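Listed below are the residues making up each chain.
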Amino acid sequence: LLVTLWQVLVLPVTMIVLVQASGSCVSLSQVDEKVATYIFWHNAGQVFLGGMLGSAFAQQINQFFEAGPAAAVDILGTYLPASSNFFLTYLLFRTLVLVPFRMMIPHLAVRMYIFRRWLFRCSRAALSPREKAFLYTPTSVRMGFEVGMALLVFLVVMSFSVVAPIMPVVGVGYMCASWVLWRHAVLYIYVRKYESGGLMWPIIFKIMLFIYCIFGIFVACVFAVKRAYVQALLLLFLVPIFLYKFNAYAYYRFARSTLHVPLRLANGAPPAQLDARCYIPPPMNEHSMGWHPEWMKPWTGWNIPSAYCVT
């Protein structure tokens with residue numbers, strides 16, 4: 001419960017403030033892409049690695065001091081699977097409690113309207129057009145946060161699928177429940193704040209390859225504990241090399257075409273005519289055309305602070 005509260009309430013706001021404060025993004029989609037990357041690596045280090053090593057160390061702290069450093073690898077390899085209980089509980093909580101809870105409670109726009117209109121404003125005066133525009137704004141998806149959390153679940157399921165066979169079953173249940181939730185939410189509740197042209201997928205693809213590499217290393221550790229050293233060495237050396245080669249092939253075959261338009265397509269494309277106002281921030285347009293209180297934020301309606309403006 002505490003881990004989930006930290007991830008839902010504190011982590012997304014902290015990450016997006018840090019990304020915006022860095023001043024390294026030139027578009028809203030790029031902010032979300034970095035948020036997704038940072039959230040995954042934070043969860044992989046704090047939740048996954050910290051929970052795994054902390055559980056094994058807490059259970060066998062006496063043996064660490066009695067056996068000495070030479071036996072540390074065998075002790076870790078033997079008792080690390082015991083940490084799967086923590087992650088199994090974590091996944092069950094997200095599947096059976098968090099997802100149904102998000103389906104039942106009023107969605108964020110309704111909650112924020114009640115808070116801003118009746119609790120924060122503390123006035124019965126008529127609303128101005130600007131206040132109405134702010135209160136009635138639809139909510140957008142926190143794409144970077146949701147992608148990072150889904151990848152954390154995939155990391156946990158793949159890593160412990162060998163030592164805890166029930167973990168893939170729970171992971172499939174979580175993905176199915178999340179699909180029902182997000183299919184309805186994206187179609188009928190949330191609105192799109194920007195268009196990235198599918199640039200989130202290369203980030204997801206690279207992280208998934210990293211997760212497959214971790215899966216291979218975990219299977220190699222299981223083989224080593226079972227004294228199957230040949231199989232462990234084969235997995236330990238061949239899996240990272242194969243995934244690296246496949247990533248390089250995918251980059252040169254597909255990703256490079258997203259960075260630069262092929263000359264044949266550029267030559268056949270009609271000339272583009274863009275309004276110069278597209279490159280002007282909305283507050284600087286005539287009559288503030290296109291302006292909104294949260295126009296500079298990648299997530300609309302989530303009460304996140306604004307650090308700097310992107311167009």
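This text goes with the structure placed above it.
Criteria and cut-off values
- Each chain has its residues counted from 1, running along the sequence as written.
- Residues qualify for local features only when their pLDDT is at least 70, as the model is predicted, and side-chain atom pairs are given and counted only at 80 or more; totals for whole chains, interfaces and linings, by contrast, use all residues.
- The side-chain quantities take in all heavy atoms of the structure and omit both hydrogens and water.
- Secondary structure counts use DSSP, requiring at least four H or I residues in a row for a helix and at least two E residues in a row for a strand, with both numbered from the N terminus.
- Contact criterion: two residues are considered in contact whenever any of their non-hydrogen atoms come within 4.5 Å of each other.
- Cavities and pockets are defined on a 1 Å grid built over the protein atoms alone: a cavity is a set of grid points where a 1.4 Å probe fits but cannot escape, while a pocket is an open set with protein on both sides within 12 Å along at least five of seven lines, and lining residues are those with an atom within 4 Å of any such point.
- Grid points are joined across faces, edges and corners, and a volume is the space filled by probe spheres set on the points.
- A patch consists of residues exposed above 30% relative accessible area that lack any salt bridge, with like charges linked at up to 9 Å and nonpolar side chains (Val, Leu, Ile, Met, Phe, Trp, Tyr) linked at up to 5 Å.
- All accessible-area figures derive from a Shrake-Rupley calculation using a 1.4 Å probe, and residue coverage is judged against the displayed protein chains alone.
- Only one rule defines a salt bridge in this text: a Lys or Arg side-chain nitrogen within 4 Å of an Asp or Glu carboxyl oxygen.
- Relative accessibility under 20% of the residue-type maximum defines a buried residue, over 50% an exposed one, and the middle range a partly exposed one, all with a 1.4 Å probe and only protein chains included.
- Note on definitions: angles span 0 to 180 degrees between N-to-C directions of axes, and those axes are lines fitted to C-alpha atoms, for helices only across the stretch in contact.
- Each angle gets one of four labels, with under 35 degrees taken as roughly parallel, over 145 as roughly antiparallel, 65 to 115 as roughly perpendicular, and the rest as oblique.
- Two helices that cross are described as forming a left-handed crossing if the nearer one is turned anticlockwise from the farther one by less than a right angle, and a right-handed crossing if clockwise.
- When residues are sorted by character, Ala, Val, Leu, Ile, Met, Phe, Trp, Tyr, Cys and Pro go into the nonpolar class, Asp, Glu, Lys and Arg into the charged class, and all the rest, Gly among them, into the polar class.
- The definition of a nonpolar core used throughout is a set of buried Ala, Val, Leu, Ile, Met, Phe, Trp, Tyr and Cys residues joined through side-chain atoms within 4.5 Å.

**Student:** How would you explain the environment of Phe-145 if you had to name every residue and give the values?
**Tutor:** Structurally, the position occupied by Phe-145 is in helix 8 (residues 143–160). In this structure, the C-alpha to C-alpha distance between Phe-145 and Val-35, residues 110 residues apart in sequence, is 6.6 Å. Excluding anything up to four places from it in sequence, Phe-145 contacts Gln-7, Val-8, Pro-12, Val-35, Ile-39 and Trp-299.

**Student:** I'd like a description of the layout of surface pockets, backed by residues and values.
**Tutor:** In this model, the second largest pocket occupies a volume close to 450 Å³. Considering the residues around the second largest pocket, the lining is formed by 22 residues, among which Glu-146, Val-147, Ala-150, Ser-178 and Trp-182 are closest to the centre. For the lining of the second largest pocket, the secondary-structure elements that each account for two or more residues are helix 5 (84–104), helix 8, helix 9 (166–188) and helix 10 (200–225). For the lining of the second largest pocket, the element with the highest residue contribution is helix 9, accounting for eight residues.

**Student:** Outline a nonpolar patch on the surface, supporting the account with residue identities and numerical values.
**Tutor:** On the surface, Leu-2, Leu-5, Trp-6, Leu-9 and Val-10 cluster together to form a nonpolar patch covering roughly 500 Å² of accessible area. Mapped onto the elements, Trp-6 comes out in helix 1 (residues 2–22). What makes Trp-6 partly exposed here is its relative accessible area of 35%.

**Student:** Run through the pattern of salt bridges, naming residues and quoting values.
**Tutor:** Considering all chains together, one arrives at two salt bridges under this definition. A salt bridge links Arg-102 to Glu-146; the shortest N-O distance between them is 3.3 Å. With Arg-102 in helix 5 and Glu-146 in helix 8, this residue pair connects regions lying 44 residues apart in the sequence. When the shortest N-O distance is used, the salt bridge between Arg-192 and Glu-195 registers 2.8 Å. Residue Arg-192 shares its accessibility class with Glu-195, and that shared class is exposed.

**Student:** Go over the packing of helix 5 against helix 8 with me, naming the residues and quoting the values.
**Tutor:** Working note: a packed helix pair is described by the angle between its axes plus the distance between those axes. Between helix 5 and helix 8, the shortest axis-to-axis distance is 11 Å and the interhelical angle comes to 140°. In terms of axis orientation, helix 5 runs oblique to helix 8. The handedness of the crossing between helix 5 and helix 8 comes out as left-handed. Here helix 5 contributes Ser-84, Phe-87, Tyr-90, Leu-91, Arg-94 and Arg-102 to the contact with helix 8, which in turn contributes Glu-146, Met-149, Leu-152, Val-153, Val-156, Val-157 and Phe-160. Here the contact of helix 5 with helix 8 is composed, by residue class, of nine nonpolar, one polar and three charged.

**Student:** Describe the packing of helix 8 against helix 9, and please don't skip the residues or the numbers.
**Tutor:** Axis separation between helix 8 and helix 9 bottoms out at 8 Å; the angle between their running directions is 160°. Taken together, the axis directions place helix 8 and helix 9 in an arrangement best described as roughly antiparallel. Of the two elements, helix 8 crosses helix 9, and the hand of that crossing is left-handed. On helix 9, the residues that touch Glu-146, Ala-150, Val-153, Phe-154, Val-156, Val-157 and Phe-160 of helix 8 are Met-167, Pro-168, Gly-171, Tyr-174, Met-175 and Trp-182.

**Student:** Run through the nonpolar core, naming residues and quoting values.
**Tutor:** Val-35, Phe-48, Phe-87, Leu-91, Val-156, Phe-160 and Met-167 are the most contacted members of the largest nonpolar core, which totals 50 residues. Elements supplying a minimum of two residues to this core: helix 1, helix 2 (28–59), helix 5, helix 8, helix 9 and helix 10. At 11 residues, helix 8 tops the list of elements feeding residues into this core. Excluding residues within four positions of it along the chain, Val-156 makes contact with Phe-48, Phe-87, Leu-91 and Met-167.

Purely geometric stuff here, so don't read any function into it on its own.
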